[in-house]
Amino acid sequence: MELSVRNVTKDFGGKRAVDHVSFTLSCGVYGLLGPNGAGKTTLMKMLVDILTPSEGEVLLDGVNIRELGAAYRDKLGYMPQEIGVYKNFSAQKFLKYIAALKGITGRAADKKIDGLLDLVGLRDAGRKKLGGFSGGMLRRVGIAQTLLNDPKILILDEPTAGLDPQERIRFRNIISELSENRIVLLSTHIVSDMEFIAGEVIIMREGGILKTGAIDHLLRKMEGKVWSALVSHEEFHRMKGQYAIGNMVQKNGGVEIRVIGPQKPPLACEPVKPILEDVFSYYFGGDV
């Protein structure tokens, strides 16, 4: 199974949100990285056929998804940034409603819903109204509704937003388990989550593809570009506008900083092992 994006472009009036993007996804987990306004959500909406490209096409195994229509949507699970729910519905009732829209009814729906509520840790809250749910609990309901039709393609926009650390680990494990025979594309600002579960990343900037590749490869390319240093507060403030600072910790009367750049900074520092956040900082100046 292959999902191919060919020269896809999206214009809104005089603004180009996505600019001639091309890539191909097969089974596995892919991360979509980029700052706000990079075009990630617009691209995802074209992949799920909510938006029509101004140019280019999206193909599943060589066939345009617009031609496939309902046959494509049957294979698709989409979790948007903003999850719309009926606050007077219980989690069970809401999932049963969504299941009916997807053609899943009766005992098959009940069995599927019970299993998914257990999977996302909401079995005990299944009969409670969604209006009383926290943001993290609503994200978990969103994950459950995305999986109702056992989709072969998962498009997840900020799926871990609002989840606590334990919930994020649970989600990462779910996605890793599901990805064996599925295509999973996820966007998140929590770069460390992506590092744990994605095999490859697609980095977007200003509507275009800046970089793609396996995470291990991108990290190897960053070797010799990341240093750790302990500096005074005065030195730190002088450096802020000159270097990408990936992390800072108040320590021993100074500031321990992680400096990212193509050359070694002119101060006492030690090279350190790169992480995915360093890749983001390298290309976007620390604007993680």
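Conventions adopted
- Residues numbered from 1 in each chain as written.
- Predicted model: local features only at pLDDT ≥ 70, side-chain atom pairs only at ≥ 80, totals over all residues.
- Heavy atoms only, no water.
- Domains from an automatic or database assignment.
- Buried < 20%, exposed > 50% of the residue type's maximum accessible area, 1.4 Å probe, protein only.
- Helix = DSSP H or I, 4+ residues; strand = E, 2+ residues; numbered from the N terminus.
- Pairing = 2+ DSSP bridges.
- Arc of directions from axis to C-beta.
- Contact = heavy atoms within 4.5 Å.

Caption draft 1: Structural view of the domain arrangement of the chain. With domains assigned, the chain is organised as domain 1 (3-219) and domain 2 (224-272). The gap between the C-alpha centroids of domain 1 and domain 2 is 36 Å.

Caption draft 2: Broad picture of the pairing of strand β13 (residues 254-260). The buried fraction of β13 is high, at 6 of 7 residues. Pairing of strand β11 (residues 226-231) with β13, which is carried by 6 bridges, proceeds in the antiparallel orientation. The residue of β13 that forms the bridge with serine 228 is arginine 258. As paired elements, strand β12 (residues 244-251) and β13 share 7 bridges and run antiparallel to each other. Paired with isoleucine 245 across the bridge in β13 is valine 259. Hairpin remark: β12 followed by β13, antiparallel, with 2 residues in the connecting loop; positive phi at asparagine 252, about 50°.

Caption draft 3: Region of interest: helix α4 (residues 91-101). Along α4, the positions that sit buried rather than exposed are Ala91, Phe94, Leu95, Ile98 and Ala99. Each buried residue of α4 sits inside an arc of 140° when the element is viewed along its axis, so together they form one side. Where α4 is buried, its residues touch α5 (106-119) and α6 (135-146). Two residues or fewer past α4, glycine 103 is found with a positive phi of approximately 85°.

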